[in-house]
Structures are given as C-alpha cells and as structure tokens.
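Spelled out from the first residue to the last, the chains are:
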Amino acid sequence: GAIIGYAAMVSAGRLRRNGILQAARTVLREPSLVVVAALTRTDVNTLTKARREFRERRFLLKKFPNTLCRKALEDSDRVFMQGLFVGQTIVAYPMMAPPAPTVELPAPVALDDAAAPAEEERDDDGALEASALAKRLLESFELNPHMHVMGGALDTVPLYAEDLKPLSKMDSLYALRAELAQTVRAPLARVARTTRAPLV
C-alpha cells in the first residue's frame, strides 16, 4: 500500500511539473512581447498588488521555476532568453485577445493593386500596437520599483532592459528592428575591422 501511494504521489508530481512546463512554453513562446524582471520582494501582498496594476494595463505576471523556464525555451527562437532566469524572476506579457468567432463570409472580391493595402502598412499597425504595449509595460514597472527589467524578446529579437523605453516611443516596427540589429552588428563590425587591419 505504501509503495502504491508513493508511486501515485510521484506520478501526480510529474503531471504537475509537465503542466507547469507547458504553461511556461505558452507564456514564453507565444506572445509577441515578453519581458523578464528580477524581484527584490516576493511577499504575497506585494505580488498581488503588482498583478493588479499590471492587469489594469492589460498585462499578466507569471512566476515559474527558473529551471522549467530554461527548459521551455529549448529549441525555440527565443533560446537567448535562458540566461535571464537566475535568482528570483517573474515574467510579464500582454493579455492575449480571445480568438475571433468563425463566420461565413461571401466570396472575396478581386481588388486592383491600387486598392489593396500594402503589406508594410498592415505591419505598421502591429508596430503601433507594440509601442503602446511597451509604454503600458513601462508604466507598470514604474509603479513597482521592486521589479527590475532584465530583458526579454520582441518576436524573435532580443530585448535588453535599455530597449524598452525606445520601443515605447517607436512608430515603426521596422525602425525598431533596424535599431536593435544595429546594436548587435556594431560590436561585430569593430571586431571585423580589427581583424582586417594590417599589422604594424
């Protein structure tokens, strides 16, 4: 009886761990914007207040074991975030809108090229949304000084703590991506120039 009870307890523990791991995968991989923050206070009252203030700005906070977060990011486009999960951490991400109901639509009417919206214009709508998200996220962190932004991801681009403020003021996702890419390329270019320079 004791052995059966122990086996059942182990099985329940594995199921719970797998459930947490799956939840961590969803939170860390699916939202377009994910930010990891370090916590200096972890008492229930502080976290409850923080969750309420983030929710008022359409963000959610989740706390997972660091080991499961690192595992959840394995073989993903955001594997670079694994190094953020050290010490007391919490994840902030935007509330996901529910899927739109499926409706029967009439057959599409062909449009000429002039009437069709440009791909860049549609993507800029997402850029404005990303900028608004970052602005609300910054406001949430300012109300909770016990949380310190460590980094995160915008789509598949690494996001550093100092990038959040510029993102909140960006009116074009292309401009932001170009700026982030330049930040990464600049040190590499300096290394390349150094290696190509003639020896004196």
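### Notes on the overall build of the chain
Thinking step 1. The helix and strand tally for the chain stands at six helices and five strands.
Thinking step 2. Ordered by position from the N terminus, the helices and strands of the chain form the series α-β-α-β-α-β-α-β-β-α-α.
Thinking step 3. A fraction of 80% describes how many contacts in the chain between residues 6 or more apart in sequence connect residues 24 or more apart.
Thinking step 4. Accessible surface for the chain amounts to roughly 13000 Å². Of this, 58% is attributable to carbon and sulfur atoms.

### Observations concerning the pairing of strand β1 (residues 33-39)
Two faces make up the sheet, and in a regular strand the side chains alternate between them.
Thinking step 1. Of all seven residues in β1, six are buried; the element is thus mostly enclosed.
Thinking step 2. In this sheet, strand β4 (residues 147-154) lies alongside β1 in antiparallel orientation, the contact comprising seven bridges. Of the residues in β4, the one forming a bridge with Val35 is Gly152.
Thinking step 3. Sheet analysis places β1 next to strand β3 (residues 89-94), joined by four bridges and oriented antiparallel. Its bridge partner being in β3, Val35 is matched across the sheet by Ala92.

### A closer look at the pairing of β3
Thinking step 1. For β3, a buried count of six out of six residues is recorded, marking the element as mostly surrounded by other parts of the structure.
Thinking step 2. Pairing of strand β2 (residues 59-62) with β3 involves four bridges; the strand directions are antiparallel. Across the sheet, Leu60 pairs through a bridge with Tyr93, a residue of β3.

### Quick look at the environment of Tyr160
Thinking step 1. Mapped onto the elements of the fold, Tyr160 is located in strand β5 (residues 157-160).
Thinking step 2. Residue Tyr160 is classed as partly exposed on the basis of its relative accessible area of 42%.
Thinking step 3. Tyr160 sits ten residues away from Met150 along the chain, and the two C-alpha atoms are 6.8 Å apart.

### Topic: the packing of aromatic side chains
Thinking step 1. With the rule as written, the count across this model stands at one aromatic pair.
Thinking step 2. When the ring of Phe54 is compared with that of Phe141, the centres are 5.2 Å apart and the planes differ by 85 degrees; the resulting orientation is edge-to-face. Of the two residues, Phe54 is situated in helix α2 (residues 44-56) and Phe141 in helix α4 (residues 119-142); the sequence distance between them amounts to 87 residues.

### Some points on the nonpolar core
As a rule of thumb, nonpolar side chains are buried together in soluble globular proteins.
Thinking step 1. Counting 22 residues, the largest nonpolar core has Leu33, Phe54, Leu137, Phe141, Met147 and Leu164 as the members making the most contacts within it.
Thinking step 2. Of all elements in the fold, only β1, α2, β2, β3, α4, β4 and α5 (164-169) reach the threshold of two or more residues within this core.
Thinking step 3. The leading source of residues in this core is α4, at six residues.
Thinking step 4. Leave out the neighbours within four places in its chain, and Phe141 touches Val35, Ala37, Phe54, Ala92, Met147 and Val149.

### Observations regarding the pattern of salt bridges
Thinking step 1. Applying the stated criterion across every chain yields a total of four salt bridges.
Thinking step 2. In this structure, Lys49 and Glu53 form a salt bridge, with 2.9 Å as the shortest nitrogen-oxygen distance. With Lys49 and Glu53 both in helix α2 and four residues apart, this pair spans about one turn of that helix.
Thinking step 3. Since its relative accessible area comes to 35%, Lys49 is described here as partly exposed.

### Points about the sheet that holds β1
Thinking step 1. What the five strands build is an open sheet, ordered β2-β3-β1-β4-β5; its pairing is antiparallel. Of all the strands in the sheet, just β2 and β5 have a single pairing partner and so form its edges. Along the sheet, successive strands turn relative to each other by an average axial angle of 25 degrees, direction set aside.

### Examining α2
Thinking step 1. A rise of 1.5 Å per residue sets the reference length of α2, with its 13 residues, at 18 Å; its end C-alpha atoms lie 18 Å apart and thus fit the reference within 8%.
Thinking step 2. Among the residues of α2, Thr46, Leu47, Ala50, Glu53 and Phe54 are the ones counted as buried. Taken down its axis, α2 places every buried residue within 130 degrees of arc, on the same side. Residues Val44, Asn45 and Glu56 are exposed on α2 and point more than 90 degrees away from its buried face.

Parameters and conventions
Residues numbered from 1 in each chain as written. Predicted model: local features only at pLDDT ≥ 70, side-chain atom pairs only at ≥ 80, totals over all residues. Heavy atoms only, no water. Helix = DSSP H or I, 4+ residues; strand = E, 2+ residues; numbered from the N terminus. Contact = heavy atoms within 4.5 Å. Areas by Shrake-Rupley, 256 points an atom, 1.4 Å probe, with all protein chains shown as cover. Buried < 20%, exposed > 50% of the residue type's maximum accessible area, 1.4 Å probe, protein only. Pairing = 2+ DSSP bridges. Phe/Tyr/Trp six-rings, centres within 6.5 Å; stacked < 30°, edge-to-face > 60°. Core = buried A, V, L, I, M, F, W, Y, C linked by side-chain atoms within 4.5 Å. Salt bridge = Lys/Arg side-chain N within 4 Å of Asp/Glu carboxyl O. Axes fitted to C-alpha atoms, helices over the stretch in contact; angles between N-to-C directions. Expected span 1.5 Å × (residues − 1). Arc of directions from axis to C-beta.

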